[in-house]
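# Commentary on secondary and tertiary structure
This is what each chain is made of:
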Amino acid sequence: MIIDQSIVDRAGRILIARGTPMDEFHRASLMKMGISGVYIREGEDDEASDGKNAEPLVAPAVQKVIEKNTVSDRAKVNLSESVKARVAEGIQYLYNDTESESFTSTTKNITDDLMRAITDNDALAVDISALKVSDEYTFKHSVDVATMSMIVARRHGFSDNDVYEIGISGLLHDVGKSKIPNEILNKAAKLTDDEFAMMKQHSLFGYGILKEKDDLSNRIKLGVLQHHEKMNSKGYPMGVGAEKINIFARIISVADIYDALVTERPYKKPFSPRDAVEMIMSMTEELDIDVMRSFLESVILYPVGTDVELSTGEPARVVENNPHYVLRPKVVGLKTGKTYDLADISNASVIIL
């Protein structure tokens, strides 16, 4: 069977090109992404027969090279549609009623769902393109940051209890935005200095919401309070330095910055995952280096099966990821069948565009 549609993610990246022969690996990948059906080519259509605008078919010999070299990605977090629905509903409830008597229990119920999604398949990585929970930015962002923070904490050697608690802190890291006026929170244009000063208060507001909740640990509260602090003391709200920034906040900070960069907002276009990672890597004075390393080893930018373009001009398919070189997976050229291990020094001049 030949797939007769391109499978793309939210950032517009082609994950499976139109014209790709369907195999068991693709079928399993589609199911994991929650895609239960795709169009299959039947006979010749006009577009395919005249050769215009049609994506090239992969030659059988190249397909064999791809299959021979394909190594499945590390187990990734997989949120079922039912879990996504529960999480989205729970997050909206939390942000809409921070004084509710069931605030903490609702938070823990959501975190239970996320923890179960991680532990059920022993997830070691996260594909940001597969996390979408809601179209509403605040809710989506909260779940993305919580999930990434939990995976990074796991990579960082945290116990299950610590992973669970950082999930709670990640879910609630922006809860203070519920106290920010909507005209500032949802403004499509650049904020004025006064408006930005108000926006910067959200971490203090969040801490204020949580500080009297005795059933939440101090680490959870500090993660919310300090997630915009920087190692060089140039963050906010208090401008403290590395020695005073809680480890939860250090992890949430990296996840928060990454997710904000790759998410489209009314006032900005999304950065590509590659550009976002490169920006994270440039922030060595602001972010915890060890946490940054754990983050880079936890995020999958190019899931196996993704079609990419190389700087040589050749289209290629990702067949294996290397957690130590997130930007440089192993790929197979779709025209030549040549295998490029982009992490190898011999291919240093070849990059994914």
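Rules used in this analysis
Residues numbered from 1 in each chain as written. Predicted model: local features only at pLDDT ≥ 70, side-chain atom pairs only at ≥ 80, totals over all residues. Heavy atoms only, no water. Buried < 20%, exposed > 50% of the residue type's maximum accessible area, 1.4 Å probe, protein only. Helix = DSSP H or I, 4+ residues; strand = E, 2+ residues; numbered from the N terminus. Pairing = 2+ DSSP bridges. Axes fitted to C-alpha atoms, helices over the stretch in contact; angles between N-to-C directions. Parallel < 35°, antiparallel > 145°, perpendicular 65-115°, else oblique. Left-handed = near helix turned anticlockwise from the far one by under 90°. Contact = heavy atoms within 4.5 Å. Nonpolar A, V, L, I, M, F, W, Y, C, P; charged D, E, K, R; others polar. Salt bridge = Lys/Arg side-chain N within 4 Å of Asp/Glu carboxyl O. Lys, Arg positive; Asp, Glu negative; His and termini not counted. Polar contact = N/O pair within 3.5 Å; in protein donor to acceptor, adjacent residues only side chain to side chain.

Here we come to the pairing of strand β5 (residues 330-333). Within a regular strand, the side chains alternate between the two sheet faces. The two faces of β5 match: Lys330 and Val332 on one face and Val331 and Gly333 on the other face are all buried. With 3 bridges connecting them, β5 and strand β6 (residues 339-341) associate as antiparallel partners. Bridge pairing in β6 links Val331 to Tyr340. Counted between consecutive antiparallel strands, the loop separating β5 from β6 contains 5 residues, among which Gly337 sits at a positive phi close to 75°.

This part is about the packing of helix α5 (residues 103-120) against helix α7 (residues 160-172). α7 packs onto α5 with a crossing angle of 120° between their chain directions and a minimal axis gap of 9 Å. One way to sum up the angle between α5 and α7 is to call them oblique. Both α5 and α7 take part in a crossing whose hand is right-handed. For the pair α5 and α7, contact is made by Phe103, Thr107, Lys108, Ile110, Thr111, Asp112, Leu114 and Met115 and by Asp160, Val163, Tyr164, Gly167, Ile168, Leu171 and Leu172, respectively. Here the contact of α5 with α7 is composed, by residue class, of 9 nonpolar, 3 polar and 3 charged.

Our next topic: the environment of Val319. Position of Val319 among the secondary structure elements: in strand β4 (residues 315-320). Counting along the chain gives 22 residues from Val319 to Asp341, while the straight-line C-alpha distance between them is 9.7 Å. Filtering out sequence-adjacent residues up to four positions away, Val319 remains in contact with Ile66, Asn69, Thr70, Val71, Val304, Lys330, Val331 and Val332.

On the basis of which strands lie adjacent, the open sheet formed by 4 strands has the order β3-β4-β5-β6 and antiparallel pairing. The open sheet has two edge strands, β3 (307-309) and β6, and neither has a second partner. Neighbour-to-neighbour, the strand axes of the sheet open up by a mean angle of 40°, direction not taken into account. With 3 bridges connecting them, β3 and β4 associate as antiparallel partners. The partner of Asp307 across the bridge, within β4, is Arg317.

Let us look at the pattern of salt bridges. According to the stated counting rule, one finds 16 salt bridges in the structure shown. The partner of Arg274 in a salt bridge is Glu278, with the nearest N and O atoms 3.3 Å apart. Taken together, the positions of Arg274 and Glu278, both in helix α13 (residues 273-281) and 4 residues apart, correspond to about one turn of that helix. Exposure remark for Glu278: the relative accessible area of 35% places this residue in the partly exposed category. One connected set of salt bridges, linked through shared partners, spans Arg86, Asp113 and Arg116.

A word on the side chain of Arg328. Within the secondary structure, Arg328 is located in the loop between β4 and β5. Despite its burial, Arg328 remains without a salt bridge, the nearest opposite charge being carried by Asp341 at 7.4 Å. A polar contact is formed between the side chain of Arg328 and the backbone oxygen of Leu342, at a distance of 2.3 Å. In contact with Arg328, not counting residues within four places along its chain, are Leu342, Ala343, Asn347, Ala348, Val350 and Ile351.

Geometric values such as these leave the question of function open.
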